[in-house]
Amino acid sequence: MSVEAAPARATLVRRRPPVAVRRRRFLVAVANHSLLIAAAAIFLLPFVFIVLTSLMTNEQALSPKLWPDPFAWHNYVEVFSKAPLWRYALNTLIYGGLATLGLLLSSIPVAYALARLRWRGSNAALLITLVAMMLPPQVTIVPVYVLWAKLHLVGSLWPLIFPNFLGDAFSIFLLRQFFLTIPEEYLDAARVDGCGEFRILTTVVLRLAKPAIAAVALFSFLFCFNDFFGPLLYTGENSQHWTLSLGLSQFRSLYQVQWNLVMAATLIVMAPVILLFFLAQRAFVEGVTLTGVKG
Amino acid sequence: MRRVLGTLGLLLALMLAMSGCGGSKKSNSSSTDKVEPANISIWTPFVDPELKTFKAVVADFEKSHPGIHVKVVGGTNDDKIVAAIRGGNAPDVAQSFTSDNTGAFCPSGAWIDLSPYMKQDGVDDSVFPEAPRDYSKFEGTRCALPMLADTYGLYYNKTLLAKAGYKSPPKTISQLTAMAKKLTVRDSSGKLKVVGFNPFPSWYENVPAHFGPSWGATWMNGDKSALDTPAWADQLGWQKSLIDWYGYDDLVRFNAGAGDEFSASNAFETGKVAMHMDGEWRVAFLKREAPNLSYGTAPFPVADGHQDLSGAGYVTGSIIGIPKTSKHKDQAWLLVKYLGTNSNALAKLSNGIQNVPTTTASLESPLLQPLPGFQTFLDVFGNANTTTTPITRIGSANQETFQSFVGKYMSGSKTDLQGGLAGVDKQIDAQLKQAEAGQAP
Amino acid sequence: MSAPAANPPLLLDRTKAKRRAAWRRRGLVAAFMSPWILGFTIFFGYPLVFSAYLSFTHYDLLSPPRWIGLANYRYLFTTDQTVWPAVKNTLWFIAIAVPLQVLFALGISIMLSRARRGVGVFRTVFYLPALAPPVAATLGFVYLLNPATGPVNTVLGKLGIQGPLWFDSPQWAKPSLTLLALWGIGNTMIIFLAAVLDVPRHLYESAELDGAGAFARLRFVTLPTISPVILFAVVIGVIEGLQYFTQAYVAANVAGGSASYSAEGASELGYPEDSTLFYPILLYQQGFRYFNMGYASAMAMMLLAVAFAVTFVIVRHSRRFVHYQAPGR
């Protein structure tokens with residue numbers, strides 16, 4: 001309301017604006033807040049309905065009733081007996097964990113080389129990285145699929161995990177942007193002390209870049225968790241290796257559509273991510289900001 | 001090593017066959033076939049409870065062929081099988097629910113040519129009735145055996161029909177239409193509560209292929225697509241007029257609230273639909289999921305003026321074959337032969353799953369115990385006018401192209417029926433040409 | 001720079017040392033870059049070239065590729081009747097859904113920036129849906145928007161409005177997907193929020209001095225200052241639009257599945273009536289359902305061309321609208 005309570009500047013003399021203006025500002029703020037509340041309510045509504053449906057019986061879910069009666073808490077247990085959610089979760093964990101590990105191991109040195117080492121091809125390499133970032137994956141899937149098929153690895157999670165050990169364009173770019181912000185002095189000091197570039201990377205840079213690395217790791221894991229196309233393509237035929245996303249989408253066609261169970265399964269799949277968010281809020285927001293503002 | 005032994009075994013068997021010993025001409029093959037013990041795998045689309053029957057029959061095979069252990073994987077589908085073959089990790093035996101892909105499997109060698117094995121074991125494909133014989137081979141190459149067939153007919157809810165004063169099912173399309181309209185019930189807000197006959201395209205089993213036989217409609221003329229015919233125009237015209245009577249959007253809403261086809265909330269099983277086009281397997285589902293429903297079965301009504309087609313229907317079926325990547329082809333063949341030609345096996349499968357057995361011998365097997373209502377489908381299977389869709393190189397793409405147009409025509413997005421059908425023909429021909437591109441003629 | 005060599009008396013030794021250092025440096029760079037060099041070559045470079053080659057062949061993975069020259073491209077441009085709807089759908093998405101997402105995210109972030117209280121809570125609420133795995137979110141929406149039994153139409157019905165058929169209607173399917181996309185703009189919103197909050201105060205104050213009201217300040221201060229971020233969001237949005245797959249695939253299968261023949265689904269791609277048949281979905285169908293890999297490669301080449309062209313056009317035209325701040329990055 002009182003914007004002008006900001007530090008007064010010597011060149012400026014402010015008086016409190018007239019009541020009319022203050023009142024208008026107040027109304028605007030109220031309107032703003034109301035809109036926000038309305039929007040927030042609309043945003044929450046789908047969640048509310050999903051939760052409510054997950055607690056209904058099957059007949060109720062198919063009917064126009066909006067409030068569960070009775071509350072079918074056992075749905076959450078039944079879901080696990082209808083589909084091997086634990087196995088899917090394990091697969092998702094394997095995929096996400098290994099992929100993130102590989103991604104970090106490979107992308108950090110590359111990002112460092114692009115940011116801090118000066119060499120002749122570095123601009124070209126950066127450009128190529130940008131191009132790789134923008135490329136729709138569908139452009140390369142056919143030959144890559146053929147490659148994995150010839151290696152007899154289709155049906156497993158390896159086609160999804162392994163490429164991450166050879167770098168990921170997006171992470172490289174993100175980390176590079178961050179590494180650019182490390183003051184040269186730190187690096188020079190380490191060099192003077194006789195550290196080779198590798199030591200510099202592991203001791204100085206890694207420590208300074210912890211938030212960025214955490215954000216990249218988080219994004220990578222999230223991507224794997226949410227990935228549908230990849231698992232569909234490579235493990236679609238082998239349900240032993242399905243991930244949660246794929247398993248959830250198939251939950252309805254293998255077993256009859258029971259919307260109450262599908263909604264319960266949906267919530268179960270959403271839960272870890274939301275939990276992760278609340279635990280690592282800062283890393284999330286920082287990471288997202290890193291991509292945008294520096295982008 | 002095994003392959004060498006296998007080839008030796010094959011040669012041995014051939015020699016024995018030529019010398020007149022072993023290698024019986026009966027379709028019930030004995031276990032004198034000399035093959036190495038092995039572990040093989042078979043993929044099937046069946047899921048429980050049908051999978052249980054399937055596994056029991058496979059267990060019988062193992063008993064009569066000691067040394068061969070079979071791992072059964074259920075719940076697969078064509079895409080998975082195709083992907084597995086291409087990915088190089090396919091099973092030894094694969095079963096597909098749709099014979100459509102024969103045209104893709106055979107010429108490319110994805111499923112191996114079975115004729116050498118058949119010759120060796122004296123299995124002749126005349127043991128199969130005509131339609132299954134045709135949909136399991138392509139351009140002379142037999143890369144699959146039919147195993148259980150599906151035929152389609154009419155299911156009707158006796159209770160609902162009686163309430164409306166009907167004692168017998170419709171025999172012609174116009175009777176069907178009249179009865180459907182009378183059996184339809186709407187609630188107070190005008191929403192459809194009970195639908196006499198749901199004509200909505202692609203809903204449950206409502207695809208052109210199933211309706212076609214009632215109008216005598218065919219798909220191809222030689223090797224060109226020929227859908228632009230009066231027969232299809234009549235079929236689609238009938239369907240559209242019934243849809244318009246119901247109201248397209250009203251049907252969409254009804255469908256959205258109806259249960260899944262293979263769930264216990266199936267619209268026919270729960271009495272939401274009075275008359276329904278479905279396959280013979282529904283009999284088993286009804287017994288399991290809706291035992292109190294009083295229903296009857298009959299061949300699907302035929303178009304007025306096509307009385308001669310009465311009693312006919314559409315037939316398709318499962319096929320089994322051996323993917324080319326199998327490392328135990330001899331053992332796989334034994335399983336294929338057992339499942340495809342052994343009367344006892346087929347009868348047992350038919351009883352448990354209520355599908356139609358696919359050899360003329362098994363049709364007459366004393367072990368066959370069809371449920372009431374099933375006889376209709378056996379009759380349809382035996383009817384001379386029952387047809388199937390031709391096998392082409394593009395698998396089911398032609399049907400999907402046709403269905404896509406039908407969907408748009410029924411919703412009103414496309415209004416030119418003749419032009420649309422001609423367009424579909426052009427598309428399918430182009431797809432066929434594309435599939436053969438670059439091949440030596 | 002390289003460690004200073006000990007001082008040899010001869011010039012030759014010094015140059016040799018320098019050269020050795022230079023080689024060591026190159027080796028170092030190579031070592032650091034090696035994963036990406038390998039990765040790019042194997043998963044981008046080689047596939048691009050091989051894709052181009054495959055686009056001139058007929059290849060179904062079962063037999064070796066058959067050279068057919070331009071046949072795939074001819075089929076693509078003249079005969080295939082599913083390509084043009086797919087292109088139209090993708091263009092629709094890029095032209096309508098992407099700007100809507102950007103505007104919506106912008107609007108919310110601006111409102112948030114003005115809020116005094118509970119910003120943290122609001123931020124969480126708006127961000128949460130973006131966390132939902134796309135498959136889960138799509139399933140939720142398909143259920144919610146079920147024309148017969150879904151809560152949305154039930155509530156609308158109570159208000160006396162007959163709700164549309166949503167995912168079951170060719171006219172409403174894409175808008176339904178757009179609603180789903182709008183629900184998930186949390187990421188973009190956070191980026192915009194950070195950018196808006198970053199606008200230097202003195203710019204606002206000088207504008208106020210000049211008599212600018214709230215709207216004018218928005219138009220002449222806020223928007224121009226954050227325009228690089230807006231551009232970034234638009235470019236990302238377009239790129240994602242060109243790859244749009246998961247939500248359309250799941251929605252088509254689920255909405256179409258319960259109404260359709262074939263327990264195996266997947267012939268429902270594009271349900272209803274090709275309205276959700278986006279280009280990547282068609283590509284997937286051709287390449288991995290029908291295994292027309294040669295044809296799918298031709299489609300992929302076209303996608304590549306379009307992706308480049310569109311990004312180029314946007315970046316080129318952006319110079320008019322985007323104001324970069326004083327020497328930044």
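Calculation criteria
Residues numbered from 1 in each chain as written. Chains lettered and ligands numbered in written order. Predicted model: local features only at pLDDT ≥ 70, side-chain atom pairs only at ≥ 80, totals over all residues. Helix = DSSP H or I, 4+ residues; strand = E, 2+ residues; numbered from the N terminus. Buried ≥ 20, exposed ≤ 12 C-beta atoms within 10 Å, placed from the backbone. Contact = placed C-beta atoms within 7 Å. Axes fitted to C-alpha atoms, helices over the stretch in contact; angles between N-to-C directions. Parallel < 35°, antiparallel > 145°, perpendicular 65-115°, else oblique. Left-handed = near helix turned anticlockwise from the far one by under 90°. Nonpolar A, V, L, I, M, F, W, Y, C, P; charged D, E, K, R; others polar. Pairing = 2+ DSSP bridges. Core = buried A, V, L, I, M, F, W, Y, C linked by C-beta atoms within 7 Å. Domains from an automatic or database assignment. Expected span 1.5 Å × (residues − 1). pLDDT = per-residue confidence, 0-100.

Some details on the overall build of chain A
The helix and strand tally for chain A stands at 15 helices and zero strands. Looking at the 295 residues of chain A, the share that counts as buried comes to 43%. Of the contacts made within chain A by residues no fewer than 6 positions apart, 76% connect residues no fewer than 24 positions apart.

Details of the overall build of chain C
Per the secondary structure count, chain C includes 13 helices and two strands. The buried share of chain C, taken over its 329 residues, is 50%. Excluding contacts between residues fewer than 6 apart, the proportion of contacts in chain C whose partners are at least 24 apart in sequence is 67%.

A closer look at the interface of chain B and chain A
At the interface, 13 residues of chain B touch 10 residues of chain A. When residues in the side of chain B that touches chain A are grouped by element, the largest group, five residues, is from helix H3 (residues 78–87) of chain B.

Section: the packing of helix H5 (residues 122–134) of chain A against helix H8 (residues 169–179) of chain A
Residues and elements named next belong to chain A. H8 packs onto H5 with a crossing angle of 130 degrees between their chain directions and a minimal axis gap of 8 Å. Taken as axis vectors, H5 and H8 run oblique relative to one another. At the point where H5 passes H8, the crossing takes the left-handed sense. Contacts between H5 and H8 involve Thr129, Leu130, Ala132 and Met133 from the former and Ala169, Phe170, Ile172 and Phe173 from the latter. For the contact of H5 with H8, the residue count by class is seven nonpolar, one polar and no charged.

Digging into the packing of helix H1 (residues 19–54) of chain A against helix H3 (residues 83–114) of chain C
One can describe the packing of H1 of chain A onto H3 of chain C by two numbers: an axis separation of 10 Å at closest approach and a directional angle of 130 degrees. Between H1 of chain A and H3 of chain C, the interaxial angle falls into the category oblique. Note that H1 of chain A runs across H3 of chain C; the crossing there is left-handed. Between H1 of chain A and H3 of chain C, the contacting residues are Asn32, Leu35, Leu36 and Ala39 of chain A on the first element and Ile108, Met111, Leu112 and Arg114 of chain C on the second. Grouping the constituent residues of the contact of H1 of chain A with H3 of chain C by class yields six nonpolar, one polar and one charged.

Things to note about the interface of chain A and chain C
Reports often express the size of an interface as the amount of accessible area lost when the parts come together. Taken together, the 73 residues of chain A in the interface contact 76 residues of chain C. It is H1 of chain A that provides the largest number of residues to the side of chain A that touches chain C, a total of 13 residues. Class assignment of the residues belonging to the side of chain A that touches chain C gives a composition of 53 nonpolar, 17 polar and three charged.

Comments concerning the pairing of strand S8 (residues 192–197) of chain B
Residue and element names in this part refer to chain B. In terms of strand pairing, strand S7 (residues 185–186) meets S8 through two bridges, oriented antiparallel. Bridge assignment links arginine 186 to a residue of S8, and that residue is leucine 192. Here S7 folds back onto S8, and the loop between the two strands holds five residues, one of which, glycine 190, carries a positive phi near 90 degrees. Bridge analysis of S8 against strand S11 (residues 273–279) gives two bridges, and the strand direction is parallel. Counted as the bridge partner of phenylalanine 197 is methionine 275 from S11.

Examining the nonpolar core
In this structure, Leu335 of chain B together with Phe192 of chain C are the most contacted members of the largest nonpolar core, which totals 292 residues. When residues in this core are grouped by element, the largest group, 11 residues, is from helix H4 (residues 85–116) of chain A. Not counting residues within four places of it along the chain, the set of residues in contact with leucine 335 of chain B comprises Ile40, Ile42, Phe61, Val70 and Val93 of chain B.

Some remarks on helix H9 (residues 208–215) of chain B
Residues and elements named next belong to chain B. Within H9, eight of the eight residues are buried, which leaves the element mostly enclosed by the surrounding structure. Those residues of H9 not exposed but buried are Pro208, Ala209, His210, Phe211, Gly212, Pro213, Ser214 and Trp215. Summarising the contacts, the buried residues of H9 are in contact with strand S6 (145–157), helix H8 (173–183), helix H10 (230–246), S11 and helix H17 (397–411). Positive backbone phi, at 70 degrees, marks glycine 216, one or two positions downstream of H9.

Re the domain arrangement of chain C
All names here are of chain C. Here chain C is described as being made up of domain 1 (11–71) and domain 2 (81–321). A separation of 35 Å is found between the C-alpha centroids of domain 1 and domain 2. Those elements giving two or more residues to the side of domain 1 that touches domain 2 turn out to be helix H1 (11–54) and strand S1 (57–58). In terms of residues, the side of domain 1 that touches domain 2 owes the most to one element, H1, which gives three residues. Taken together, the residues of the side of domain 1 that touches domain 2 break down into five nonpolar, four polar and one charged.

Observations concerning the domain arrangement of chain A
Residue and element names in this part refer to chain A. Split by domain assignment, chain A resolves into domain 1 (3–77) and domain 2 (79–293). With 13 residues of domain 1 at the contact, the number on the domain 2 side is 11 residues. Looking at the side of domain 1 that touches domain 2, the elements that each hand over two or more residues are H1, helix H2 (58–61) and helix H3 (75–82). Per element, the largest residue contribution to the side of domain 1 that touches domain 2 is four residues, and it comes from H1.

So, unusual backbone geometry
Omega for the peptide link from tyrosine 271 of chain C to proline 272 of chain C comes to -10 degrees, which places this bond in the cis form. Tracing the chain through its elements places proline 272 of chain C in the loop between helix H11 (246–257) and helix H12 (279–289). The phi dihedral of tyrosine 204 of chain B is positive, around 50 degrees, even though this residue is not glycine. Take tyrosine 204 of chain B: it is sitting in the loop between S8 and H9.

Topic: the environment of proline 133 of chain C
Residue and element names in this part refer to chain C. Mapping proline 133 onto the fold places it in the loop between helix H4 (119–131) and helix H5 (134–144). Overall, proline 133 belongs to the buried group, with 25 C-beta atoms counted inside 10 Å. Placed 51 residues apart in sequence, proline 133 and glycine 184 show a C-alpha to C-alpha distance of 10.0 Å.

Observations regarding helix H11 (residues 210–226) of chain A
When the terminal C-alpha atoms of H11 of chain A are compared, their 24 Å separation across 17 residues agrees well with the 24 Å that a helix rising 1.5 Å per residue should span. All of the buried residues along H11 of chain A are Ala212, Ile213, Ala215, Val216, Phe219, Ser220, Phe221, Cys224, Phe225 and Asn226 of chain A.

Describing the pairing of strand S12 (residues 295–298) of chain B
Within a regular strand, side chains alternate between the sheet's two faces. Residue and element names in this part refer to chain B. Residues Tyr295 and Thr297 point to one face of S12 and are all buried, whereas Gly296 and Ala298, pointing to the other face, are not buried. Of the pairings in the sheet, the one linking S6 to S12 comprises four bridges and is antiparallel in character. Bridged to tyrosine 156 within S12 is glycine 296.

Quick notes on the confidence of the model for chain A
All names here are of chain A. Summary statistics for chain A give a mean pLDDT of 81 and a share of 88% for residues scoring 70 or more. Confidence, expressed as mean pLDDT per element, reaches its minimum in chain A at helix H15 (residues 281–293) with 65 and its maximum at helix H7 (residues 158–161) with 93. Per-residue pLDDT stays below 50 along residues 1–6; that stretch engages in five contacts with residues further than four places along the chain or on separate chains.

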